[in-house]
Amino acid sequence: MPEPATIAEEPTIGELSERGGVPASALRSYERRGLIASRRTTGNQRRYHRSTLRRVAFIRASQSVGMPLSVIGGVLGFLPEGVPPTREFWLKASACWSEEINARIEKMERMRDRFTECIGCGCLSFEQCALINPGDTLAEHGPGPRRLLGP
């Protein structure tokens, strides 16, 4: 079995991509959004601090539970540059996300319940449905499935 690759003190974008399991395009996107940072060499190549690998792991784990990059960025803003996420940081992130996660759960439950009602009816028309939108009263609130989207 091959030895795991060690990561340089200042990995290149290719090294960070390979070790972090993230395409280089994603790393560039993270950098544009301020989630990670790099310095440029005299040849204009990106070099990342070694701790960036831990940030990338945090971003990937956060995305895997449905957190959007904007929310991840807000939490990463509390972490000083060059400092890897710690257990304490993860606990703070979890606390910050509790409200977001609960809102997502409520939205999914609302969608499940309303879709169940609509499937029972079978008409599949949110404009004309007497059950979901009697008299098309939701039209004044704008397009789309207003009750499914929430208040």
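Residues numbered from 1 in each chain as written. Predicted model: local features only at pLDDT ≥ 70, side-chain atom pairs only at ≥ 80, totals over all residues. Heavy atoms only, no water.

Asks: I'd like to hear about the overall build of the protein chain, residue by residue, with values.
Replies: The helix and strand inventory of the protein chain stands at six helices and two strands. Looking at the protein chain as a whole, 28% of its 151 residues qualify as buried. Once local pairs closer than 6 in sequence are excluded, the contacts in the protein chain between residues at least 24 apart make up 52%. When the accessible area of the protein chain is evaluated, it comes to approximately 10,000 Å², of which 54% is carbon and sulfur surface. (Helix = DSSP H or I, 4+ residues; strand = E, 2+ residues; numbered from the N terminus. Buried < 20%, exposed > 50% of the residue type's maximum accessible area, 1.4 Å probe, protein only. Contact = heavy atoms within 4.5 Å. Areas by Shrake-Rupley, 256 points an atom, 1.4 Å probe, with all protein chains shown as cover.)

Asks: Before we move on, can you summarise helix α1 (residues 13–20) with the specific residues and values?
Replies: Here α1 has its buried residues at Ile13, Leu16, Ser17 and Gly20. Down the axis of α1, the buried side of the element spans an arc of 100°, and every buried residue falls inside it. On its buried side, α1 packs onto α2 (24–32), β2 (46–47) and α3 (52–64). Gly21 sits one or two positions beyond α1 and adopts a positive phi of about 70°. (Arc of directions from axis to C-beta.)

Asks: I'd like a rundown of the pattern of salt bridges, residues and numbers included.
Replies: One pass over the structure, following the stated rule, counts three salt bridges. A salt bridge links Arg39 to Glu10; the nearest nitrogen and oxygen atoms lie 2.8 Å apart. Remark: Glu10 occurs in the segment before α1 and Arg39 occurs in strand β1 (residues 39–40); sequence separation between them is 29 residues. We note a salt bridge from Arg46 to Glu31, for which the minimum N-O separation is 2.9 Å. Taken together, the residues span a long stretch of sequence, with Arg46 in strand β2 and Glu31 in helix α2 at a distance of 15 residues. Owing to a relative accessible area of 19%, Glu31 belongs among the buried residues under this scheme. (Salt bridge = Lys/Arg side-chain N within 4 Å of Asp/Glu carboxyl O.)

Asks: Could you give an account of the packing of aromatic side chains, with specific residues and numbers?
Replies: For any pair of aromatic rings, the description consists of the separation of the ring centres together with the inter-plane angle of the planes. If you walk through the whole model with that rule in mind, you get three aromatic pairs. One aromatic cluster in this structure is built from Phe58, Phe89, Trp90 and Trp97. (Phe/Tyr/Trp six-rings, centres within 6.5 Å; stacked < 30°, edge-to-face > 60°.)

Asks: Help me get a handle on the packing of α1 against α2, residues and values and all.
Replies: Where α1 meets α2, the axes come as close as 9 Å, and the angle between the chain directions of the two elements is 105°. By the angle between their directions, the pair α1 and α2 is classed as roughly perpendicular. Mapping the contact onto sequence places Ile13, Leu16 and Ser17 in α1 and Ala24, Leu27 and Arg28 in α2. (Axes fitted to C-alpha atoms, helices over the stretch in contact; angles between N-to-C directions. Parallel < 35°, antiparallel > 145°, perpendicular 65-115°, else oblique.)

Asks: So what's going on with the environment of Gly34? Which residues, and what values?
Replies: Mapped onto the fold, Gly34 is located in the loop between α2 and β1. Taking the C-alpha atoms as reference points, Gly34 and Gly77, separated by 43 residues in sequence, lie 8.8 Å from one another.

Asks: Explain the packing of α3 against helix α4 (residues 69–76) to me, and be specific about the residues and the numbers.
Replies: Here α3 crosses α4 at 135°, and the two axes come no closer than 10 Å. The angle between the axes of α3 and α4 places the two elements in the oblique class. With respect to the hand of their crossing, α3 and α4 are arranged in right-handed fashion. Counting all contacts with α3, which are made through Arg55, Phe58, Ile59, Ser62 and Gln63, the residues of α4 involved are Leu69, Ile72, Val75 and Leu76. Of the residues in the contact of α3 with α4, the class split is six nonpolar, two polar and one charged. (Left-handed = near helix turned anticlockwise from the far one by under 90°. Nonpolar A, V, L, I, M, F, W, Y, C, P; charged D, E, K, R; others polar.)

Asks: Residue-level account of unusual backbone geometry, with values.
Replies: Phi is positive for Asn44, which is not a glycine, with a value near 65°. Structurally, Asn44 is set in the loop between β1 and β2.

Asks: Give me the lowdown on the nonpolar core, citing residues and values where you can.
Replies: If you look at the biggest cluster of nonpolar residues, it comprises 22 residues, and the most contacted ones within it are Leu27, Tyr30, Phe58, Ile59, Ile72 and Leu76. Only α1, α2, α3, α4 and α5 (87–121) provide two or more residues apiece to this core. In contact with Ile59, not counting residues within four places along its chain, are Tyr30, Leu35, Ile36, Leu69, Ile72 and Leu76. (Core = buried A, V, L, I, M, F, W, Y, C linked by side-chain atoms within 4.5 Å.)

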